[in-house]
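# Coordinates in review
Listed here are the chains, written in short residue letters.
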Amino acid sequence: MRFLVIGGCGFLGRHIVDELLSRGFPVNVFDIRSTFDDGRVKIFLGDLCKKEDLMPALEGVSAVIHCATPPPLSNNRALFHKVNHDGTLNIIACCKEAGVKRMVLTSSASVVYEGSDIKNGVETMPYASKPMDYYTETKILQEKVVLQANSDDFYTVAVRPHGIFGPRDPHLVPTTVRTAQAGKMKFMIGNGENLVDFTFVRNVVHGHILAAESLGPGSKVNGKAYHITNDEPIYFWTFLSKILVGLKYDAPKRHLPFTFIYFLALILNLFVFLLKPIKDIKPTFTPMTVCLAGTHHYYSSEAAKKDMGYRPIVSLDDGIEETIRSFSHLSKK
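Residues numbered from 1 in each chain as written. Predicted model: local features only at pLDDT ≥ 70, side-chain atom pairs only at ≥ 80, totals over all residues. Heavy atoms only, no water.

Per an unreviewed UniProt entry, the protein chain carries the name Sterol-4-alpha-carboxylate 3-dehydrogenase, decarboxylating and comes from Capitella teleta. Of the protein chain, the UniProt comment under Sequence similarities (unreviewed entry) reads exactly: "Belongs to the 3-beta-HSD family." You can read under Pathway (unreviewed entry) in the UniProt record for the protein chain the words "Steroid biosynthesis; zymosterol biosynthesis; zymosterol from lanosterol: step 4/6." (UniProt positions renumbered as here; feature names shortened; annotations may be inferred.)

### Observations concerning the UniProt feature "transmembrane region" (unreviewed entry) in the protein chain
In the numbering used here, UniProt assigns the "transmembrane region" (unreviewed entry) feature to residues 256-275. Secondary structure content for residues 256-275 is 90% helix and 5% strand, while the C-alpha to C-alpha distance between its ends is 28 Å. (Helix = DSSP H or I, 4+ residues; strand = E, 2+ residues; numbered from the N terminus.)

### Things to note about the packing of aromatic side chains
Describing an aromatic ring pair means giving the distance of the ring centres and the angle of the ring planes. Under the defined criterion, the tally for this structure stands at nine aromatic pairs. Measuring from ring centre to ring centre gives 5.1 Å for Phe 3 and Phe 25, while their planes differ by 75°; the resulting arrangement is edge-to-face. Of this pair, Phe 3 sits in strand β1 (residues 3-6) while Phe 25 sits in the loop between α1 (11-22) and β2 (27-31), placing them 22 residues apart in sequence. Residue Phe 3 is classed as buried on the basis of its relative accessible area, which comes to 0%. (Phe/Tyr/Trp six-rings, centres within 6.5 Å; stacked < 30°, edge-to-face > 60°. Buried < 20%, exposed > 50% of the residue type's maximum accessible area, 1.4 Å probe, protein only.)

### Brief notes about the pairing of strand β7 (residues 155-161)
With seven of its seven residues buried, β7 lies for the most part within the structure. Along β7, one buried face is formed by Tyr 155, Val 157, Val 159 and Pro 161 and the opposite face, lined by Thr 156, Ala 158 and Arg 160, is buried too. With five bridges connecting them, strand β5 (residues 102-106) and β7 associate as parallel partners. Across the sheet, Met 103 pairs through a bridge with Thr 156, a residue of β7. Sheet topology note: the β7/strand β12 (residues 224-228) ladder contains five bridges and is parallel. When the sheet's bridge partners are listed, Ala 158 is paired in β12 with Ala 225. (Pairing = 2+ DSSP bridges.)

### Considering the sheet that holds β2
Sheets are built from strands paired through backbone hydrogen bonds, the pairs being either parallel or antiparallel. Reading across the sheet, the seven strands line up as β3-β2-β1-β4-β5-β7-β12 and stay open at both edges, with parallel pairing between neighbours. Looking at strand neighbours, the two that pair on one side only are β3 (41-45) and β12, the edges of this open sheet. Each strand of the sheet is rotated relative to its neighbour by a mean of 20°, with strand direction disregarded. Two elements, strand β4 (residues 63-66) and β5, share four bridges in a ladder whose sense is parallel. Across the sheet, residue His 66 finds its bridge partner in β5, namely Leu 105. Of the strands in this sheet, β1, β4 and β5 touch helix α3 (residues 77-98), which is tilted by about 175° from β4. Its contacts with the sheet place helix α4 (residues 134-148) against β4, β5, β7 and β12, and it is angled at close to 150° to β7. (Axes fitted to C-alpha atoms, helices over the stretch in contact; angles between N-to-C directions. Contact = heavy atoms within 4.5 Å.)

Now the structure itself:
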């Protein structure tokens, strides 16, 4: 079958495209801009909210993988709603008009996260009633409309990865390195013993392709959401330390009280809100980022294992090693 990867020029999307090609699938890509040139791929550029832009990319397509989203830390509520909600509704409508039968959404494990501990979370947990940021708020809306669109002749599934990392990662590793270079990675939030899922990108890709192949008449995956992780929870600060030490930076050693830092983030973001009419500031130090660094949040992949045969294909240690090698240019001189 021919795939359309929406957001195929981004971090996860490009890895999905590479793997589909390696498995012999024909691939179309739709994105707002092009970041690569491959003669085996048909690339379509446009706005996913515009039917006239999207329809040409759907010609001859059997399955859509939708992984386009604004960066989580951009904190632009209007943009998140436009892309994650309105754009997804347009994709669903265009798929049905074009006769596409399968749609896989890249959702997020954060749709059930409200800042408190989650240990071995399962898909039956309720959506967060008080999402901590606009990204999560709109990912909940997005997942709902995709799963509700599942029907007897249009099959949908949502994949919920957590903590994606790997080569070409534009956020986690570069941000961690910049923070270390600025001398701001000497401290860890909390006691350093909060377990978190970090998932190597090729495992996330594997989960997406399995989900697409599993969709169809009578399939148990139709209309459901699935956590995809490395199945190896690790202490948050141990993971970051492995990345930092691998790139020749010092690991954080001192501890700061979680509650104190959380309230500092609340106060900072209150000031940012009050200053918004004068200056639009987008802080990266937010209550959400503090909670992610200081609480347990890891999830069970048992449902994906049972329903579609998912197993991580790259171990956490091997994924960390490959990631460090790919970012050798960021090593401390």
